[in-house]
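Chain residues, written in single-letter form:
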Amino acid sequence: MTAVTMAQALNTALRDALREDERVLVFGEDVGPLGGVFRITDGLTKEFGEERCFDTPLAESGIVGLAVGMAMGGFRPVVEMQFDAFAYPAFEQIASHVAKLRNRTRGRLSLPLVIRIPYAGGIGGVEHHCDSSEAYYAHTPGLKVVTPATVEDAYWLLRDAIADPDPVVFMEPKRLYWSKEEAALDARGARPFGQAVARREGRDATLVAYGPSVPVALQAAEVAAQDGIALEVVDLRTLVPFDDATVTDSVRRTGRCVVIQEAQGFAGVAAEIAARVQERCFHSLAAPVLRVTGFDIPYPPPKLEHAHLPGVDRVLDAVDRLQFDDEPDVLHLAQEAS
Amino acid sequence: MTAVTMAQALNTALRDALREDERVLVFGEDVGPLGGVFRITDGLTKEFGEERCFDTPLAESGIVGLAVGMAMGGFRPVVEMQFDAFAYPAFEQIASHVAKLRNRTRGRLSLPLVIRIPYAGGIGGVEHHCDSSEAYYAHTPGLKVVTPATVEDAYWLLRDAIADPDPVVFMEPKRLYWSKEEAALDARGARPFGQAVARREGRDATLVAYGPSVPVALQAAEVAAQDGIALEVVDLRTLVPFDDATVTDSVRRTGRCVVIQEAQGFAGVAAEIAARVQERCFHSLAAPVLRVTGFDIPYPPPKLEHAHLPGVDRVLDAVDRLQFDDEPDVLHLAQEAS
Amino acid sequence: MSVKALRQAVDSLLPSLVPVRFAAENGTAVKSPGAYTAPSDELLREAYRRMILGRRFDTQATALTKQGRLAVYPSSRGQEACQIAGVLALREDDWLFPTYRDSVALVSRGIDPVEVLTLLQGGWHCGYDPAATRVAPQCTPLATQTIHAVGMAEALRRKGEDSIAMAFIGDGGTSEGDFHEALNSAAVLRAPVVFLVQNNQYAISVPLAKQTVAPALAYKGIGYGVRSEQVDGNDLVAMLSVLTAAVEHVRSGQGPFLVEAHTYRMDAHTNADDATRYRQAAEVEKWESADPVARLETYLRGRGVIGDEDVEAARTAAEAFAAQVRAGMNAETEADPFELFDHVFAEPTPQLREQRALLASELHAQED
Amino acid sequence: MSVKALRQAVDSLLPSLVPVRFAAENGTAVKSPGAYTAPSDELLREAYRRMILGRRFDTQATALTKQGRLAVYPSSRGQEACQIAGVLALREDDWLFPTYRDSVALVSRGIDPVEVLTLLQGGWHCGYDPAATRVAPQCTPLATQTIHAVGMAEALRRKGEDSIAMAFIGDGGTSEGDFHEALNSAAVLRAPVVFLVQNNQYAISVPLAKQTVAPALAYKGIGYGVRSEQVDGNDLVAMLSVLTAAVEHVRSGQGPFLVEAHTYRMDAHTNADDATRYRQAAEVEKWESADPVARLETYLRGRGVIGDEDVEAARTAAEAFAAQVRAGMNAETEADPFELFDHVFAEPTPQLREQRALLASELHAQED
Ligand SMILES: Cc1ncc(C[n+]2csc(CCOP(=O)(O)OP(=O)(O)O)c2C)c(N)n1
Ligand SMILES: Cc1ncc(C[n+]2csc(CCOP(=O)(O)OP(=O)(O)O)c2C)c(N)n1
Ligand SMILES: [Mg+2]
Ligand SMILES: [Mg+2]
């Protein structure tokens, strides 16, 4: 085991997939000689040639549409959208074709393709480079949506996504690209695709998180532990399919739950989780399921992103509110504000 | 007061807006001489000329982008996307520009434009013509999202949307186009933009609905009343801004809540509502907030849409479950299924 | 490059100044354009049979909408020469990417007409098996299929097959960004794909003049370095001749080809549309006299390629086919609601299994 | 239309076979192309001053990234002739729709350089007032701004103003669907808009050959019925001459105009990019010798339009300007977190007010 970054793990996953299955292709903007703006495809063109890893014209709808056609033709394309907001031009192809083709053909055509999207913020990016867009995909039936939080998961979830018979939107938390971990990328991890995992155990409350928010949750749990509060941290790993069992089991034990999501809150994935948890664990809950999210604003400029991002303090504030009564503080604040 | 359809009310709203404000323009696909595939713009080109109501080339991103430029230039464009799924090509323009321009310019530019989208199903439409896409917009900060359920609201909410300084995505439940009502379109309705309304009062549980689901909720309440259960029905009218006060007041009184949404459930607007309600009313709740939604499947073909759409029975089943324990039936069913 | 070579390169990418035509509107032969050769008589006889059959299928489908047996039908009447030439120019192992309007092409390709009409009947999607027929599902989101065709063409090329892809698209569809991206990626990849624009003068109610002010849609080719041609789309002979050349060009690895067929949508957009709201009867009449089926018949009779017997035989076959369509559409197809959960993914997710169970309990309750 | 008239119509829409050029790479005058007239000496002197200033601004901005005073900077070095000619061809009441790469144009337009760099410094968006300057916010989502320019142009036309809009776009951006939709809607509406493609040979790492195989990007015009031209983008004289003609064409109501400028991005995509990964030093050197600033200086000196004094004065002014930029960037700008909630809508929603209050309590707690 050596220490590798998430970026390296993703690169290795692509390399191994290209090696093992000649139907796998990698394409997109700047993924060839440059190796991608985040270097996730570094060296692939050199090793596998332009036929297997190549730059396309600059057109996201075209890239995804091309992947659809090639997948129909028997290949397994892995395409890169350069940044979250630059996948939006491909939205029609994703929502109307990628998500629906199997269903429209009554299962006669499969679309084994992966759309990789570096997403979310925390890297001081300028406008349009830091959107958290996972909810758009998670809300679209027919798409699997995955987002790793650890180096090992980055590798295995990407391998699983490429091997999957269905289209997968693979959301890469760009701020974790440089996170480093001792990781075994050469032996099959035990954890199946679609299964969440408790990254830390605790009896007092459950923090549910995914992607970029998992390290925040873990940090918060660390701090809380110093105050004697034992927080369990569940990392979802895949948003679709959703692992109800792991989440529900945890919350039934702890009786309290905070859901963390970096995206703007309104109608995001955290809303889904909060809704599900209270539906399924209502009588075990000692407090409402709270959400800690970004604000309902366009992603802010670098100088202000710290104010927007749900950090350890915001999570701990929510944990504090788990003990109390009917009216979360936010309501008092709302009354003050209006 | 005469009986008018929602389609006529929308048509009158456009006509009145065109008359009262010369900056208002209507454009899109087939909105000119044809009057739109749903005839919402019927007669406008004839009355106001091609300069005020016109057909564009067939390009949704172009239509929305054109509206952005014209709004920057001082006009108030009202554009029509022909069907829900055909707004997807414009997603980048909507998410990256329409929603963000005011913010990107620090408030120096306003974008007073309206994007009208006939949405949802129940009319036997073929594939791609029945998507419930409201969550995509509601989740995007910077967009107001409106959906009328009554003829009078259709008129006034559209007038309000056109008068609004901010971009409004105006979702028209296409199955209600032909619903008829005695409606006063010539005197200002009392209800402000942004405010929800209880369409029916009741003490036993609150049904929260919007757009095409409001009539379903009302029907369910009617049936329930025969069994002695008094259901309150809240029509949200605008999804963004969201009227927490009306919803919260109701649920605190009734102690039970079912949220109804035609769209696929996962990470939809109903999830947001359920999450908010339990956050704010937890200690008043006698049962979990339940959701009644479409399934997480691509919108089905006409012959099967009845099975997908949340109808009166599905709502009443949920109401039945409001009385019981920790594990909604759905969990037992899941265990059976697996 | 020398200026002369540049000029030649540019000229090679421009379409003919006027649409290629072999038969005049009244069916008499015109001097055929040098570059294209007429199809063989045998092929033309086959084309004729298909034209008669295609037209009959189309009028039958329209009739079925009136009887409520079809929910909606976008008619191909007037566009048969485009669609049938497209199909005839392809081999069986080539792929076709049609739109909602191309039912006649699909029938001509040999797909069971009941399967072709499944979707329009309100039933389970797409109807036929795209993998077996090498015909993609009829596509509604405009222009999106053109990129799929490029991807498929590229896949075929990479697999070393010498089969190709052909994408159909309407005049309105050419305004969409996806058409642009498809042409460009096809050109850059040198993908073996033919784009056939059926310019039927309308996008629902919007006439061509509001869609483009280009001299012709075929002039879009040069902006991508794509060879292009414009053809009289109501002249089967010209269509078949040009499309055969285009397919050959593409199959031989010379890159994509764009063909614009000037034709006319003789019926309304669909049976649900009212075309009198936006176009004059005189215009429709003018085009009725340029009818592709009648024109082909006159042309072939005039050249002695077909006679009364052929005409009679084609009509009889077409009637039999129409009867078969009627019979097929009378058989009510079952739609199983539980199948809704089966094809969202290869394996339903736990969430879909729950939802399936919920539906089962609902249906069970209703039976009680 | 007669075939001859058709041919003329087609020809009028095609660009010159070779890029228009007034000055050779070494700065000597070449026989100027018949259709275009050289700008006045006075205008050229003004252009020269701006070129020197623009270049200096650009190198200053790049230097600021190295000092960490700018988060990121996409350099215009090598593209000054395109950007400055664009600005000089416009009147103050015309609108400009720039991309992230067009900071030199904005500075040349007279916008405070600190405002121009606000966004790149990581601060509040866009920096300047678009309404007051008639310059849209620098646009990052590629090609999307071209449609806004069409909408604005159409708005100006409808308001009876004779001002126009100009949209800048890169070679890579032309592959996006929005560019297609913009050209087409501009043509159909006859909107007064000039599209200026700065073909700098790269889209980040992707060379032009992977972006298009068209003879030139300017050939896209004819597919929309849009007049087009291609120009040597490193020749300020040619750029100004062609753009002036294009602006006149557009202003006089003859519809949109597409200009492709062949130029070169002399630096990496941004300071964060490493161009050695994808291009050879030899190629960069070749283009260094076609430098637009040096070329203009030689050309103008050669024709006696400027002398040592002008050169000296321009450089002094540029140095002063650079000092002003440095000073401006040293002043730390405040960013108020509460403003995050102020511009989402004209009035914050109740939800935003709540969230603002939440943030206030967080910041309050941190202060404790
Ligand atoms: C992206 C998209 N936008 C809008 C529509 C609605 N629509 C269906 S057909 C049509 C007109 C298409 O015209 P054209 O491409 O000329 O094809 P034709 O129907 O004439 O064969 C429109 C606007 C659609 N299907 N897809
Ligand atoms: C829609 C979209 N996709 C991708 C990007 C990421 N991106 C930023 S600049 C760039 C290259 C643009 O190249 P070009 O249009 O030639 O402009 P240049 O940078 O050379 O001026 C890319 C891919 C983007 N900004 N927008
Ligand atoms: Mg058409
Ligand atoms: Mg470039």
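Residues numbered from 1 in each chain as written. Chains lettered and ligands numbered in written order. Predicted model: local features only at pLDDT ≥ 70, side-chain atom pairs only at ≥ 80, totals over all residues. Heavy atoms only, no water.

For chain C, an unreviewed UniProt entry supplies the name 3-methyl-2-oxobutanoate dehydrogenase subunit alpha and the organism Streptomyces jeddahensis. In the Cofactor (unreviewed entry) part of its UniProt record, chain C is described as follows: "thiamine diphosphate". (UniProt positions renumbered as here; feature names shortened; annotations may be inferred.)

By the naming in an unreviewed UniProt entry, chain A is 3-methyl-2-oxobutanoate dehydrogenase subunit beta, taken from Streptomyces jeddahensis. The record held by UniProt for chain A lists under Cofactor (unreviewed entry) the comment "thiamine diphosphate".

**Q** Would you take a moment to explain the coordination of the magnesium ion (ligand 3) for this structure?
**A** Ideal values for angles at a metal depend on the geometry: 109.5 degrees with four tetrahedral donors, 90 or 180 degrees with six octahedral donors. Residues and elements named next belong to chain C. At the metal site, the magnesium ion (ligand 3) is ligated by Asp 171 (OD), Asn 200 (OD1) and Tyr 202 (O), and these contacts range over 2.0 Å. When the donor residues of the magnesium ion (ligand 3) are listed from N- to C-terminus, their spacing reads D-x28-N-x1-Y. Taken together, the residues span a long stretch of sequence, with Asp 171 in the loop between strand 2 (165-170) and helix 8 (177-189) and Tyr 202 in strand 4 (residues 202-203) at a distance of 31 residues. Each member of the pair, Asp 171 as well as Tyr 202, carries the same accessibility label: buried. (Donors = N, O, S within 2.8 Å, 3.2 Å for Na, K, Ca; no water. Helix = DSSP H or I, 4+ residues; strand = E, 2+ residues; numbered from the N terminus. Buried < 20%, exposed > 50% of the residue type's maximum accessible area, 1.4 Å probe, protein only.)

**Q** Can you walk me through the side chain of Asn 200 of chain D in this structure?
**A** With respect to the helices and strands, the residue Asn 200 of chain D is situated in the loop between strand 3 (193-199) and strand 4 (202-203). Leave out the neighbours within four places in its chain, and Asn 200 of chain D touches Gln 79, Arg 101, Asp 171, Thr 263, Tyr 264 and Arg 265 of chain D. (Contact = heavy atoms within 4.5 Å.)

**Q** How should I be thinking about the site of ligand 1 in this particular structure?
**A** Close contacts around ligand 1 come from 21 residues, with Glu 60 of chain B together with Tyr 100, Arg 101, Asp 171 and Gly 173 of chain C the closest. A distance of 2.7 Å separates an oxygen atom of ligand 1 from a polar atom in the side chain of Tyr 100 of chain C. Within the backbone of Gly 173 of chain C, a nitrogen or oxygen atom sits 2.8 Å from an oxygen atom of ligand 1. Here ligand 1, which alone exposes 580 Å², has 96% of that area covered by the protein. Residue composition of the shell around ligand 1, grouped by class: eight nonpolar, seven polar and six charged. (Near = heavy atom within 4 Å. Polar contact = N/O pair within 3.5 Å; in protein donor to acceptor, adjacent residues only side chain to side chain. Areas by Shrake-Rupley, 256 points an atom, 1.4 Å probe, with all protein chains shown as cover. Nonpolar A, V, L, I, M, F, W, Y, C, P; charged D, E, K, R; others polar.)

**Q** Would you take a moment to explain the site of ligand 2 for this structure?
**A** As a matter of local geometry, ligand 2 sits amid 21 residues, with Glu 60 of chain A together with Tyr 100, Arg 101, Asp 171 and Gly 173 of chain D nearest to it. Near ligand 2, residues from chains A, B and D are present, making the site a shared one. Note that a nitrogen atom of ligand 2 is positioned 3.4 Å from one of the side-chain N or O atoms of Gln 82 of chain A. When ligand 2 is considered free in solution it has 580 Å² of accessible area, and contact with the protein chains removes 96% of it. Here the shell around ligand 2 is composed, by residue class, of eight nonpolar, seven polar and six charged.

**Q** Hey, could you run me through the relation of the copies chain B and chain A in this one?
**A** Note on the chain copies: they are related by a rotation about an axis and a translation along it. Its rotation angle being 180°, the transformation that places chain B on chain A also includes 0.0 Å of axial translation and leaves an RMSD of 0.0 Å. Within this description, the copies of the chain are treated as partners about a two-fold rotation axis. Both copies share a contact surface, since 100% of the interface residues of chain B are interface residues in chain A too. (Least-squares fit on C-alpha atoms with pLDDT ≥ 70 in both.)

**Q** What am I meant to see in the domain arrangement of chain A here?
**A** Size of an interface: often given as the accessible area lost when the parts come together. Residues and elements named next belong to chain A. By the assigned domains, chain A splits into domain 1 (2-183) and domain 2 (197-337). Interface area for domain 1 against domain 2, summed over the two sides, is near 1900 Å², with a carbon-plus-sulfur share of 58%. The tally of links from domain 1 across to domain 2 stands at three salt bridges. A salt bridge links Glu 262 to Arg 175, with the nearest nitrogen and oxygen atoms 2.1 Å apart. Summed over the shared surface of domain 1 and domain 2, the result is 11 residue pairs in polar contact (both at pLDDT 80 or more). When residues of the side of domain 1 that touches domain 2 are traced back to their parent elements, those giving at least two are helix 6 (134-138), strand 6 (144-146) and helix 7 (151-163). When residues in the side of domain 1 that touches domain 2 are grouped by element, the largest group, four residues, is from helix 6. Its residues placed into classes, the side of domain 1 that touches domain 2 shows 15 nonpolar, seven polar and five charged. (Domains from an automatic or database assignment. Buried area = accessible area lost by both parts, 1.4 Å probe. Salt bridge = Lys/Arg side-chain N within 4 Å of Asp/Glu carboxyl O.)

**Q** Help me understand helix 4 (residues 91-98) of chain B, please; the structure alone is not making it clear to me.
**A** Every α-helix carries 3.6 residues per turn, so stepping three or four residues along brings you back to the same face. Across the eight residues of helix 4 of chain B, eight count as buried, placing the element largely inside the fold. For helix 4 of chain B, the full list of buried residues reads Phe 91, Glu 92, Gln 93, Ile 94, Ala 95, Ser 96, His 97 and Val 98 of chain B.

**Q** Even after reading the chapter, I still don't get the pattern of salt bridges, so can you show me in this structure?
**A** Tallied over the entire structure, the rule returns 110 salt bridges over all chains. Across the pair Arg 276 of chain A and Asp 244 of chain A runs a salt bridge whose closest N-O atoms are separated by 2.7 Å. Here Arg 276 of chain A is found in helix 10 (residues 269-281), whereas its partner Asp 244 of chain A is found in helix 9 (residues 244-254), with 32 residues between them in sequence. The class of Arg 276 of chain A is buried, set by a relative accessible area of 7%. Through salt bridges with shared partners, one network takes in Asp 244, Glu 272, Arg 276, Glu 279 and Arg 280 of chain A, Arg 291 of chain B together with Glu 354 of chain C.

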